[in-house]
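Secondary and tertiary structure notes
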Amino acid sequence: MSHYFTYMKLAKSFWAVISFCTLSAQNQAQDSTAVSTNYLEEVVLTDSRFALKRSQSGKAIIKIKQQEIQQFSGLGLGVLLSTHLGIDVIGKNLYSGQNTTISIRGGRNRQVLILIDGVRVSDPSRIESDFDINALSVEMIESIEIIKGAASSLYGSSAATGLINITTKKPTRSLSLIAKKTWGTEKSANQAINSVSAGNHMVRLSGNHRGIGVNLTYSERYSDGMTSVIGNESDPSKPDPFNKFNFNVGLSGELTPKFNWKLGWNKDEIKADYDNSFPLEQADFYFTTQTNRFVLSTKYNYTGGSLNVNAGYQDNKRDFVSSLPLNYESDNWNIDIFNKYILNNDLYTIVGFQFQKASMEVDYNPEATQSDVYLNFVYLDPSGLNFNAGMRYNHHNAYDGHFIYSLNPSYSFAFDSDRQMKLFSSYSKAFIAPSLYKLYDPSYGNNDLMPENNISFEFGAEIRSRQNVISAVYFNRKEDPTLIFGPPTEGYQFGRYANSDRKIVYKGLELAYDFELFTKFKSRLNYIFTETTEGDLRSIPKHAINGVMDFPLSDLTYLNLVGQYSGERVANDSKTLLEGYSLFTLQLNHLLKKYNTNLFLSVYNLFDTEYVIIPQYATRGRNILAGISINF
């Protein structure tokens, strides 16, 4: 009991410090003197495919830079994404081999599109034809941009509630060798930390030879200290080992001063033990996944514009060794050709064609193709009134043509030389093409499925200064029809996939405050409220709060504190109400400048909190990670 009260006092202290800093930052901003020149605005790219100032963007965009990515390298991509407003990665706190679900504004994997270097990634053999972010290595990521809200008119199917655009690292100009090694633990709550049970290592060789940029990266991550399903006295828990390997080859260069290219190959492999779900019990099962991704990007620049090609091929293989062995193979082609042209620095236009092909190798060998033509333009008026609009016509081999669109006005103006305000809104139509599994699986598929339609509306405001950013966004999304797993019917005793006849609505509010209290002291605090009418909020809390504080202890030492509160939510059985909980993470980085070496330490779930994500599944307790990175 004393441990509980100590934890509650410390947790309240953290949120109190955040609140105090918020008020202090407000006072500091009010007392600061105006400067004669505007501050340098951050540039964003994803919402328009043009490099525009943030004030010219009409979307709520999150930009994650390299320094922040490195701070979370040992904790994983899911933990990093979940520290940002309106994003949750369900399953990130379970054992490493657990499937994760990315949730943005009440949406799930099928409604969130993932791009890597501009190319859509997916595994057509999965139920949602989505992509498992567990397969990615954080060490290979340079930056991430996230759009919240529909982006289907510009990027195609699946970008109904959000888009995550991941950019991998570029070759360095001079030859460099980077080596990284971490040692850590991966244990459940109230387990003794008495041995190293997790870690990762990475080697990256990068440089430029005769105008050809080269990137070679090898990364490995492992853990062997945590179980998937919680055991009992008659069947005690046994750790479920997890191993992941990533290998990347990247080449880039110029054929002429106007024509550049980039070629990449990435191989991801995972082997992980897991337990039985039906019935729920300890088991000696394991699965393996192998993914090869090939990317070719070209860009030809001409006066006023550029012709671009993003092409990719991905093959996937998954094997499950259990009492019911399963094997899946699939591949995915994606070619996106688009022309960008700027008229008089006011009108930015894109005309494009996208082709996608997905197939599975199972008994029935299904295949799906999509061909899209699309148009998007951005108008930037000198008055501060901006307008982003787009339309797309899709043709899918399983249903007739589909037309979608987006309207996204915004207005930006300055209070003074240091403070700007932006008002923005959007109204968008998006669609979700049913996956191959949902269309053609002999046990649960339904080839009469219609695509899921989403109508999204949002309205928001943002006030930005040199020290502070305050934003508020209201969102509302309707699904009609939506894709569901329907009740048993004749010939389908366990049910099958279907279209719901209900009009489902998700709506909510996002509030965020980013501030700089002292020189280099940065923090952000955000809150999201999400609710639904007839929708699916399993594992998604109605209330969630995140707080992040970065303290420069010196020019070479940085302390990072993360606090995350997840409110009450419904479990996967749609009945059980799970209690809310708070988790805290401490991260320390120190640079040895003389030796080009970075030392880092992370403590996850600082207070060893017990909580439930999925009933009877183990969750991560207090874990420690320490490591070193050397740049030769």
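Structure's up top.
All chains use their own residue numbering, which begins from 1 and follows the written sequence. Selection of residues for local features in this predicted model requires a pLDDT of at least 70, selection of side-chain atom pairs for listing and counting requires 80 or more, and totals for whole chains, interfaces and linings are taken over all residues. Calculation of side-chain values draws on the structure's entire complement of heavy atoms; hydrogens and water are dropped beforehand.

This part takes up the overall build of the protein. Helix and strand counts for the protein stand at five helices and 35 strands. We take the radius of gyration over the C-alpha atoms and set the globule estimate at 2.2 Å times the residue count to the 0.38 power. Taking 632 residues into account, the globule formula puts the C-alpha radius of gyration at 26 Å, and the protein, at 24 Å, falls close to it. Any residue under 20% of the maximum accessible area for its type is buried, any over 50% is exposed, and the rest in between are partly exposed; the area is computed with a 1.4 Å probe on protein chains only. Residue burial in the protein is summarised as follows: out of 632 residues, 54% are buried. Contacts are assigned to residue pairs that have any heavy atoms within 4.5 Å of one another. Partitioning the contacts of the protein with sequence separation of at least 6, the portion at a separation of at least 24 is 61%. Here the protein displays about 28,300 Å² of accessible surface, and carbon together with sulfur accounts for 58% of that area. Just so you know, the count uses Lys and Arg for positive and Asp and Glu for negative, and it drops His and the chain ends. In plain terms, the charge of a residue is placed at NZ if it is Lys, CZ if Arg, CG if Asp and CD if Glu. Across the protein, the mean location of the 60 positive side-chain charges is 6 Å away from that of the 63 negative side-chain charges. Where helices and strands are cited, they refer to DSSP runs of H or I of at least four residues and of E of at least two residues respectively, numbered from the N terminus. The Shrake-Rupley method, run with a 1.4 Å probe sphere, supplies the accessible areas, and residue values consider only the shown protein chains as cover.

A word on the environment of Arg622. Along the chain, Arg622 turns up in the loop between strand E34 (597-604) and strand E35 (623-631). Judged by its relative accessible area of 28%, Arg622 falls in the partly exposed class. In the structure, Arg622 is positioned 431 residues away from Gln191 in sequence and 8.4 Å away in space, judged by C-alpha atoms. Filtering out sequence-adjacent residues up to four positions away, Arg622 remains in contact with Thr185, Ile193, Val603, Tyr604, Asn605, Leu606, Phe607 and Asp608. Within the local environment of Arg622, its side chain forms a polar contact with the backbone oxygen of Leu606, the two atoms lying 2.9 Å apart. Counted as a polar contact is a pair of N or O atoms within 3.5 Å, where, for protein atoms, one must be capable of donating a hydrogen and the other of accepting one, and residues adjacent in sequence contribute only when both atoms are in side chains.

Looking now at the sheet that holds strand E7 (residues 119-120). The strands making up a sheet associate through hydrogen bonds between their backbones, and the pairing can be parallel or antiparallel. Criterion used throughout: strands pair if DSSP finds at least two bridges between them. Taken in spatial order, the five strands make up an open sheet running E3-E8-E9-E6-E7, and their pairing is mixed. The sheet terminates laterally at strand E3 (60-64) and E7, the two strands that pair on one side only. As paired elements, strand E6 (residues 112-116) and E7 share two bridges and run antiparallel to each other. Bridged to Ile116 within E7 is Val119.

Before going further, it helps to spend a moment on a nonpolar patch on the surface. Each patch is built from residues lacking any salt bridge and having more than 30% relative accessible area; the joining distance is 9 Å for like charges and 5 Å for nonpolar side chains (Val, Leu, Ile, Met, Phe, Trp, Tyr). Salt bridges are defined as contacts in which a side-chain nitrogen from Lys or Arg sits within 4 Å of a carboxyl oxygen from Asp or Glu. On the surface, a cluster of nonpolar side chains totalling about 930 Å² of accessible area is made up of Tyr300, Leu307, Ile335, Ile337, Val351, Phe353, Val373, Leu375, Met391, Tyr393 and Phe403. Looking at the nonpolar patch, the elements with two or more residues in it are strand E17 (326-343), strand E18 (347-360), strand E19 (367-380) and strand E20 (385-396). Mapped onto the secondary structure, Leu307 falls in strand E16 (residues 305-321).

To continue, consider the nonpolar core. Nonpolar side chains in soluble globular proteins tend to be buried together. Counting 42 residues, the largest nonpolar core has Leu77, Leu81, Ile144, Ile146, Ile164 and Ile166 as the members making the most contacts within it. A per-element tally of this core places helix H3 (residues 77-82) first, with four residues. Among buried residues, the Ala, Val, Leu, Ile, Met, Phe, Trp, Tyr and Cys ones that are joined through side-chain atoms within 4.5 Å form a nonpolar core.

Right, let's get into the environment of Asn386. Its location among the elements puts Asn386 in strand E20. Residues Asn386 and Ala160, 226 residues apart in the sequence, show an inter-C-alpha distance of 23 Å. Setting aside residues no more than four positions away along its own chain, Asn386 makes contact with Ser55, Gln56, Tyr379, Leu380, Asp381, Asn408, Pro409 and Ser410.

Another point: the packing of aromatic side chains. The pairing test for Phe, Tyr and Trp rings, Trp by its six-membered ring, is centres within 6.5 Å, and the orientation test on the planes gives stacked under 30 degrees, edge-to-face over 60, and tilted for anything in between. Throughout the structure, instances matching the rule amount to 23 aromatic pairs. Aromatic side chains Phe485 and Tyr497 sit 5.0 Å apart centroid to centroid with 80° between the ring planes, which places their arrangement in the edge-to-face category. Highlighted residues: Phe485 in strand E25 (residues 483-485) and Tyr497 in strand E26 (residues 497-499), separated in sequence by 12 residues. On the basis of relative accessibility, which here comes to 42%, the residue Phe485 falls in the partly exposed class. Three or more aromatic residues joined by ring pairs form one cluster here, namely Phe247, Trp265, Phe294, Tyr313 and Trp333. Criterion for a charge above a ring: Arg CZ or Lys NZ at most 6 Å from the ring centre, at most 35 degrees from the ring normal. Between the NZ or CZ atom of Lys340 and the centre of the ring of Phe50, over which it lies, the distance is 4.8 Å. If you follow Lys422 out to its NZ or CZ, it ends over the ring of Phe424, 5.4 Å from the centre.

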